[in-house]
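Below are the chains, spelled out letter by letter.
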Amino acid sequence: KYPMFVFQACSRRQGWLYRHAIGAAGSLFGLGVSCQWINSSYPRASCQARPTRSQRILDCRQAQAIREMNTLDEVANLCLEYNMTYLGEVHDHAETHRLQRELVATIAATTNSWSLCFEQFERDVQTILDEYCQSNISLQHLMVDGRAWANFEQSYLPILDTVAATSNIRAIAANCPQRYLGMIRQHGLAHALENLSKAAHDWLPTITQDLTPSPAYRDKFFSYMTGLLPSDVDDVERVAKVDGMLRAQLCWDATMARTLVEECKQDRSAILICGKFHCEYYLGVPEQVKQLDSSLRTLNVVILPVSDAVLNAPLEELSPEVGYLADVVILLAEHSSDNA
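This report concerns the structure included in the present document. (Residues numbered from 1 in each chain as written. Predicted model: local features only at pLDDT ≥ 70, side-chain atom pairs only at ≥ 80, totals over all residues. Heavy atoms only, no water.)

### Here's the deal with the side chain of Gln-209
Line of reasoning, step 1. Relative to the helices and strands, Gln-209 is located in the loop between helix H10 (198–201) and helix H11 (215–225).
Line of reasoning, step 2. Residue class for Gln-209 comes out buried when judged on its relative accessible area of 5%.
Line of reasoning, step 3. In this structure the side chain of Gln-209 is engaged in a polar contact, spanning 2.9 Å, whose partner is the backbone nitrogen of Thr-206.
Line of reasoning, step 4. Other than its neighbours up to four places away in sequence, Gln-209 contacts Ala-254, Arg-258, Gln-288, Gln-291 and Leu-292. (Helix = DSSP H or I, 4+ residues; strand = E, 2+ residues; numbered from the N terminus. Buried < 20%, exposed > 50% of the residue type's maximum accessible area, 1.4 Å probe, protein only. Polar contact = N/O pair within 3.5 Å; in protein donor to acceptor, adjacent residues only side chain to side chain. Contact = heavy atoms within 4.5 Å.)

Written out as structure tokens, the structure reads:
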């Protein structure tokens, strides 16, 4: 089901794709699998004579019959047909965040009730997020008390302010608190739930959620993470370390899945903004959602920065592997960074 190309590691855009703490020391690491197979398939000069474009939207719901979509409005209308939408991103790509804001504004113009769920906020700060959206606290308080990411103000604040200005979209803190990840990494979720307070249980996956990774997800995770460990780490220690990191990763996935399903039970459609590793190839969060409620109709959208050659290549020249990435793949020019 998942071709081997999905597990190829790529260091080209490592950056800090997931700015998360792993373990008690709270060390930072970058996690992501980039589609180098897309970029490497085309010579850089192959499209010089073709007109350039800034974005490209591909409907990949039939992987063997990919078609072009003309506007972002088509994507917004497609979201209306599903209970939830995963919106996978590269965290530090400025054009991605502009497109997300445009998509959210278009969705806000509908009459549906929505929950916009953020990987970037943890479930225990939901009250703070609500207070900001209701104009009851300042941005500074949201940044500090809500433990906002370093690039929040330039990347996610415009999206959040779009939500705050509407009456039919609620901003939701979707992720688990990082302070518990050290315990989960070392001892597992069951140990954490056994030793933490009942209040903390509301911010984590439930005990009934199975955090065993699928073979495809485990292979994908190991393919990337083992390459980041120091070369002097022996094989046994390497496996132990990556296994611990994977437990933390699965805790993020499962918590975000719990959040999405809870929102859908409130008769609201849900959208999750998350790093693409959490949803691409239908692994991670989608697997956890299916475990919780297989009746929900889900749409997987991945926004992917690519070279100009890929962005402007004829459809028939695109690598067929792009069809396996998500239901909708939005290609953007890769030369756009929040840190630029």
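Now that the structure has been shown, we can carry on.
### Examining the sheet that holds strand E6 (residues 114–122)
Line of reasoning, step 1. One open sheet holds the eight strands; their spatial order is E4-E3-E10-E9-E5-E8-E6-E7, and the pairing between them is mixed. At either end of the open sheet lies a strand with only one pairing partner, and these are strand E4 (67–69) and strand E7 (169–175). Between one strand axis and the next, the sheet turns through 25° on average, direction left out of account.
Line of reasoning, step 2. In this structure, strand E9 (residues 298–306) lies alongside strand E10 (residues 328–333), joined through six bridges in parallel fashion. (Pairing = 2+ DSSP bridges. Axes fitted to C-alpha atoms, helices over the stretch in contact; angles between N-to-C directions.)

### Concerning the nonpolar core
Line of reasoning, step 1. With 60 residues, the main nonpolar core has Met-84, Leu-260, Leu-272 and Val-289 as its most contacted residues.
Line of reasoning, step 2. Sorting elements by how many residues they give to this core places helix H12 (residues 235–264) first, with 13 residues.
Line of reasoning, step 3. Among residues more than four places away in sequence, those in contact with Met-84 are Leu-260, Val-261, Cys-264, Ala-270, Val-289, Leu-296, Arg-297, Thr-298 and Leu-299.
Line of reasoning, step 4. Leu-87, Trp-114, Leu-142 and Ala-173 belong to the second-largest nonpolar core, a separate cluster that totals 43 residues. (Core = buried A, V, L, I, M, F, W, Y, C linked by side-chain atoms within 4.5 Å.)

### Thoughts on the packing of aromatic side chains
Line of reasoning, step 1. Taken as a whole and assessed by the stated rule, the structure comprises five aromatic pairs.
Line of reasoning, step 2. Here Phe-118 and Phe-121 contribute two aromatic rings whose centre-to-centre distance is 6.1 Å and whose plane-to-plane angle is 85°, an arrangement assigned as edge-to-face.
Line of reasoning, step 3. A relative accessible area of 0% places Phe-118 in the buried class.
Line of reasoning, step 4. Consider the rings of Phe-121 and Phe-152, whose centres lie 5.4 Å apart with planes at 80°: the pair is edge-to-face. Here the residue Phe-121 occupies a position in strand E6, and Phe-152 occupies one in helix H6 (residues 152–155), the gap between them amounting to 31 residues. As far as the burial class goes, Phe-121 and Phe-152 line up, both buried.
Line of reasoning, step 5. Through pairs of rings, three or more aromatic residues link up here, namely Phe-118, Phe-121 and Phe-152.
Line of reasoning, step 6. Across the ring face of Phe-277, the terminal group of Lys-220 is positioned such that the distance to the ring centre comes to 4.1 Å. (Phe/Tyr/Trp six-rings, centres within 6.5 Å; stacked < 30°, edge-to-face > 60°. Lys NZ or Arg CZ within 6 Å of the ring centre and 35° of its normal.)

### Things to note about helix H2 (residues 72–79)
Line of reasoning, step 1. Taken together, the buried positions of H2 are occupied by Leu-72, Val-75, Ala-76, Leu-78 and Cys-79. Looking straight down H2, one finds that the buried residues subtend no more than 160° of arc, so they occupy a single side. (Arc of directions from axis to C-beta.)

### Remarks on the environment of Thr-127
Line of reasoning, step 1. Inspection of the secondary structure puts Thr-127 in helix H4 (residues 126–133).
Line of reasoning, step 2. Owing to a relative accessible area of 52%, Thr-127 belongs among the exposed residues under this scheme.
Line of reasoning, step 3. Considered as a pair, Thr-127 and Gly-146 are 19 residues apart in the sequence and their alpha carbons are 9.2 Å apart.

All quantities given are derived from atomic positions and should not be read as evidence of function.
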